[in-house]
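# Secondary and tertiary structure notes
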Amino acid sequence: QVQLVESGGGLVRPGGSLRLSCAASGNIFSLYAMGWYRQAPGKQRELVASITSGGSTNYADSVKGRFTISMDNAKITVYLQMDSLKPEDTAVYYCTVRIGSPYADFGPWGQGTQVTVSS
């Protein structure tokens with residue numbers, strides 16, 4: 001079983017920055033990618049960014065140029081550097097993994113960390 005522990009959320013003013021971290025542990029074999037999703041109140045969960053173990057990245061259009069995803073393969077930890085934050089970035093952010101192949105679903109999920117962007 002895979003465990004994911006997120007940290008780094010909080011309250012920040014518009015234009016500010018936050019860095020999220022997620023450490024994976026447990027029964028991880030053939031890790032293909034790690035990713036961050038978010039869910040705002042009343043909205044569906046959406047992909048924010050993902051990164052493969054080879055370093056290929058993918059971003060939602062809404063965060064391109066503002067967010068940067070990175071991964072430490074040795075520590076099995078993924079980071080999300082969030083800059084120029086906007087109120088619409090307010091959401092619960094979830095870490096996840098993709099195991100085995102690019103066609104596998106993402107899962108399981110971390111417990112989530114709240115990010116609130118407000119003045």
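In the block above lies the structure referred to throughout.
A brief look at the structure comes next. (Residues numbered from 1 in each chain as written. Predicted model: local features only at pLDDT ≥ 70, side-chain atom pairs only at ≥ 80, totals over all residues. Heavy atoms only, no water.)

## Digging into the environment of L85
- As for its placement among the helices and strands, L85 is situated in the loop between strand 8 (77-82) and strand 9 (91-99).
- Distance from L85 to N58, taken between C-alpha atoms, is 19 Å for residues 27 residues apart in sequence.
- Not counting residues within four places of it along the chain, the set of residues in contact with L85 comprises V12, P14, G15, G16, S17, L18, R66, F67 and V117. (Helix = DSSP H or I, 4+ residues; strand = E, 2+ residues; numbered from the N terminus. Contact = heavy atoms within 4.5 Å.)

## Focus: the state of the cysteines
- Applying the stated criterion across every chain, the model contains 1 disulfide.
- Shown here is the disulfide that connects C22 with C95, its sulfur atoms set 2.0 Å apart. A torsion of -80° about the S-S bond marks the disulfide between C22 and C95 as left-handed. Linking C22 in strand 3 (residues 18-26) with C95 in strand 9, this pair joins segments that are 73 residues apart in sequence. (Disulfide = S-S within 2.5 Å.)

## Comments concerning the packing of aromatic side chains
- For the structure on display, the rule yields 2 aromatic pairs.
- Ring geometry for Y37 and F106: centres 5.7 Å apart, planes at 70°, overall edge-to-face. Separated by 69 residues along the polypeptide, Y37 in strand 4 (residues 31-39) and F106 in strand 10 (residues 106-109) bring together distant segments of the chain. In this pair, the class of Y37 matches that of F106, namely buried.
- With 4.9 Å between their ring centres and 85° between their planes, Y37 and W109 make a pair best called edge-to-face. Placement of Y37 in strand 4 and of W109 in strand 10 is noted, with a sequence separation of 72 residues between them.
- Judged by its relative accessible area of 17%, Y37 falls in the buried class.
- Each residue in the set Y37, F106 and W109 is aromatic and connected to the rest through ring pairs, giving one cluster.
- Against the face of W109 rests R45, its NZ or CZ located 4.6 Å from the ring centre.
- For the cation-ring pair, R98 lies above F106, with the distance from its terminal atom to the ring centre recorded as 4.2 Å. (Phe/Tyr/Trp six-rings, centres within 6.5 Å; stacked < 30°, edge-to-face > 60°. Buried < 20%, exposed > 50% of the residue type's maximum accessible area, 1.4 Å probe, protein only. Lys NZ or Arg CZ within 6 Å of the ring centre and 35° of its normal.)

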